[in-house]
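Take a look at the letters that make up each chain.
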Amino acid sequence: MGKQQLLMSLITILFSLGFAFAFAFASHVNDPELVVEQVHKAINASRRNLGYLSCNTGNPIDDCWRCDENWEKNRKKLADCAIGFGKQAIGGRDGQIYVVTDPANDNPVTPKPGTLRYAVIQNEPLWIIFARDMTIKLKEELILNSFKTIDGRGASVHIAGGPCITIQYVTNVIIHGINIHDCKQGGNAYVRDSPEHYGWRTISDGDGVSIFGGSHIWVDHCSLSNCNDGLIDAIHGSTAITLSNNYFTHHNKVMLLGHSDTYTQDKNMQVTIAFNHFGEGLVQRMPRCRHGYFHVVNNDYTHWQMYAIGGSADPTINSQGNRFLAPNDINIKEVTKHEDAPQSKWKNWNWRSSGDMYLNGAFFTASGAGASSSYAKASSLGARSSSLVGTITGAAGALGCKKGSRC
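Residues numbered from 1 in each chain as written. Predicted model: local features only at pLDDT ≥ 70, side-chain atom pairs only at ≥ 80, totals over all residues. Heavy atoms only, no water.

Description of the overall build of the chain
Along the chain, the regular secondary structure elements total 7 helices and 31 strands. Across the 407 residues that make up the chain, the buried fraction comes to 56%. Across the chain, the fraction of contacts at a sequence separation of at least 24, relative to all contacts at a separation of at least 6, is 65%. When the accessible area of the chain is evaluated, it comes to approximately 16,600 Å², of which 51% is carbon and sulfur surface. (Helix = DSSP H or I, 4+ residues; strand = E, 2+ residues; numbered from the N terminus. Buried < 20%, exposed > 50% of the residue type's maximum accessible area, 1.4 Å probe, protein only. Contact = heavy atoms within 4.5 Å. Areas by Shrake-Rupley, 256 points an atom, 1.4 Å probe, with all protein chains shown as cover.)

Here it is in C-alpha cells:
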C-alpha cells in the first residue's frame, strides 16, 4: 500500500469514526451499545489498514519490539518484553539460534537434525526459528526441554493435524508466533524428551499447549483453534505463566488453569491473561480456574456460547480493563460462572471486575470480601482503559512479519 493510499484510508476511517460519534451523541439511539460497537469496529479496521502504526498501540509487549525494522537480526530482544507473572521467562535467550529446515520427518524417539523435535529436546538453551513457511504434523507430543524459544516470526508456521506441544516439569519456555490447531491425541508410544532419555507416554489429552508442572512460561502472539481438549491448559503445580496477544477461535473448552478441585498444589498458581482476543466459535473456559491467582486484563471477548470466565475451588480472579460483548441470546449474557459449589460457598470466592466494559447486556457476578492481600497476588501489571482494548488487541494472533520491515 502506497503512502497516498494510506492517507486516503486514514481520511476515510477518520470520517467514519466522526460520523459514528456524531450519530451516537447527536440523536436519540435505541441501542447505544450497538453504536459503541460500530465505533470499535471502525477503530479495528483502522488498525488493520494502518499497519505501519503497529508499534505504538499502547500494548507494552508489542511497543517493546515491533518498532524495530531489524527485528529479525535482534530476535532475542523479545525475551526482554514479557509482562505479567511470566515476565521472567527468558526461553533460549542465552543460547544459539537454531533453524528448523525439515517439517516432514518427525521421529519421536530418534529425531533428525533440522527438525523441530530435534531442537526442542536439547539440553542447552536454543532460540528456534524457521527457514520458510511450513506445516508440521507431529506423530507424538512435542515434549520441550527447558530454556527454549519457538519463534515463528518471518514464516507462516503451523503445528497441526497431530499431537501438539507439551511443557512438562521444565522451565523458561517462550512460544511466539505459531499457528496451533487441529491437535489430536497421541500416546501409547515412546517419545524422547532429552538427548539422554525417552519414555513411554500414555494417551495425551490433545491440547494445543499442555503445561504440566511448568514454570516461567510465556505464550505470545499465537493463533489457536479446534483442538481435541483444551487450547492451553496449565495444571499440576504450574505457575509464573503469561498468555498474551493470542487469538483463540472455534473451540469448546478454551483454557483450563488448575488440575482438579482436590489438587491443592495449584493453590500457588499465578497466571496473567492479557491482550488476547477470544473470538468466533468459542463456547466456554476463557479461562476456567481452580485454586490459584489469575489476572485477566485488557482482553477482548467477542464470542461465548456458555460463559467466558469461570472457576471452582476458591480461585482469586482479578478482571481488569476487559471488553465483554455478550451474545444476543438472553440466557447467556453472564460473563462468569461459579462452578461446582452452592452460592453459600462461592459467595466467598474473591472475583472482582474493575474498569471492564460490558456491551449488549453482558454482566459479571462478583463475589468475595475483596481482601487486598488476595488481589495483590492476582495483580501483575497495570491495566489500560477498556476503551483501548480494540487497539491493544488488534494484532492478536500470529503476526505476518516480513524481514526488513516493521513487524
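What to know about the packing of aromatic side chains
This structure, assessed with the given rule, holds 10 aromatic pairs. Ring geometry for Tyr-98 and Tyr-118: centres 6.1 Å apart, planes at 35°, overall tilted. Of this pair, Tyr-98 sits in strand β1 (residues 96–100) while Tyr-118 sits in helix α4 (residues 116–120), placing them 20 residues apart in sequence. For Tyr-98, a relative accessible area of 16% gives the class buried. Its relative accessible area of 27% is what places Tyr-118 among the partly exposed residues. Arranged with centres 4.6 Å apart and planes meeting at 10°, the rings of Phe-278 and Tyr-301 form a pair that is stacked. Taken together, the positions of Phe-278 in strand β21 (residues 277–278) and Tyr-301 in strand β25 (residues 300–301) put the pair 23 residues apart, joining distant regions of the chain. The pair Phe-278 / Tyr-301 is uniform in exposure class, with both members buried. (Phe/Tyr/Trp six-rings, centres within 6.5 Å; stacked < 30°, edge-to-face > 60°.)

Re the environment of Arg-66
Mapped onto the fold, Arg-66 is located in the loop between α3 (60–65) and β1. For Arg-66 and Ser-405, which are 339 residues apart along the polypeptide, the C-alpha to C-alpha distance reads 9.5 Å. Polar side-chain contacts of Arg-66 include one of 2.7 Å to the backbone oxygen of Cys-407. (Polar contact = N/O pair within 3.5 Å; in protein donor to acceptor, adjacent residues only side chain to side chain.)

Observations concerning the sheet that holds strand β24 (residues 293–297)
By definition, the strands of a sheet pair up through backbone hydrogen bonds, in either a parallel or an antiparallel sense. Reading across the sheet, the 10 strands line up as β1-β2-β5-β8-β13-β16-β20-β24-β27-β30 and stay open at both edges, with parallel pairing between neighbours. The outermost strands of the open sheet, each flanked by one partner alone, are β1 and β30 (351–354). Each neighbouring strand pair of the sheet contributes to a mean axis angle of 10°, computed without reference to strand direction. (Pairing = 2+ DSSP bridges. Axes fitted to C-alpha atoms, helices over the stretch in contact; angles between N-to-C directions.)

Some words on a nonpolar patch on the surface
A cluster of nonpolar side chains, Tyr-190, Tyr-198 and Trp-200, forms an exposed patch at the surface whose accessible area comes to about 360 Å². Counting through the fold element by element, Tyr-198 comes out in strand β11 (residues 197–201). (Patch = residues over 30% accessible without salt bridge, like charges linked within 9 Å, V, L, I, M, F, W, Y side chains within 5 Å. Salt bridge = Lys/Arg side-chain N within 4 Å of Asp/Glu carboxyl O.)

Some thoughts on the pairing of strand β6 (residues 157–160)
The pairing of strand β3 (residues 134–136) with β6 spans 3 bridges and is parallel. When the sheet's bridge partners are listed, Thr-135 is paired in β6 with His-158. By the bridge criterion, 3 bridges tie β6 to strand β9 (residues 179–181) in an arrangement that is parallel. For Ile-159, the partnering residue across the bridge sits in β9 and is Ile-180.

Some thoughts on the pairing of strand β12 (residues 209–212)
In this sheet, β12 lies alongside strand β7 (residues 165–168) in parallel orientation, the contact comprising 4 bridges. The residue bridging Ile-165 from the neighbouring strand is Val-209, located in β12. Examined bridge by bridge, β12 and strand β15 (residues 232–235) share 4 bridges and lie parallel to one another. Counterpart to Val-209 in the pairing with β15 is Ile-232.

What to know about unusual backbone geometry
Residues Met-286 and Pro-287 are joined by a peptide bond in cis, for which omega reads 10°. Positioned with a positive phi, Asp-314 is a non-glycine residue whose angle comes to about 60°. Considering the arrangement of structural elements, one finds Asp-314 in the loop between β26 (309–312) and β27 (316–320). Among the residues examined, Asp-314 registers a relative accessible area of 42% and is labelled partly exposed.

Points about the state of the cysteines
What the rule picks out here adds up to 3 disulfides. Paired through a disulfide, Cys-64 and Cys-81 show a sulfur-sulfur distance of 2.0 Å. With the S-S bond torsion at -70°, the cross-link from Cys-64 to Cys-81 turns out left-handed. Of this pair, Cys-64 sits in helix α3 while Cys-81 is found in the loop between α3 and β1, placing the two residues 17 residues apart along the sequence. Given the relative accessible area of 25%, Cys-64 is considered partly exposed. We classify Cys-81 as buried; its relative accessible area is 3%. Each sulfur in the disulfide pair Cys-164 and Cys-183 lies 2.1 Å from the other. In this structure, the disulfide formed by Cys-164 and Cys-183 twists by about -90° around the S-S bond and is classed as left-handed. Of the two residues, Cys-164 sits in the loop between β6 and β7 while Cys-183 sits in the loop between β9 and β10 (189–194), which places them 19 residues apart along the sequence. Given the relative accessible area of 2%, Cys-164 is considered buried. (Disulfide = S-S within 2.5 Å.)

Observations concerning the nonpolar core
If you look at the biggest cluster of nonpolar residues, it comprises 65 residues, and the most contacted ones within it are Leu-116, Phe-130 and Ile-167. Not counting the four nearest positions on each side in its chain, Leu-116 is found in contact with Val-100, Ile-128, Phe-130, Ile-136, Leu-142, Ile-150 and Ile-159. (Core = buried A, V, L, I, M, F, W, Y, C linked by side-chain atoms within 4.5 Å.)

Describing the sheet that holds β26
The strand order across the open sheet formed by 8 strands is β4-β7-β12-β15-β19-β23-β26-β29, and the pairing between neighbours is parallel. Looking along the sheet, the strands with just one partner apiece sit at the ends: β4 (142–143) and β29 (336–338).

Some thoughts on the pattern of salt bridges
Following the criterion strictly, the structure yields 13 salt bridges and no others. Arg-93 serves as the salt-bridge partner of Asp-80, at 3.9 Å between the closest nitrogen and oxygen. In this pair, Asp-80 sits in the loop between α3 and β1 while Arg-93 sits in the loop between α3 and β1, placing the two residues 13 residues apart along the sequence. Judged by relative accessible area, which is 29%, Arg-93 ranks as partly exposed. Each of the salt bridges in this network shares a partner with another, and the network as a whole consists of Arg-288, Lys-337, Glu-339 and Asp-340.

By themselves, these observations are geometric and do not establish any function.
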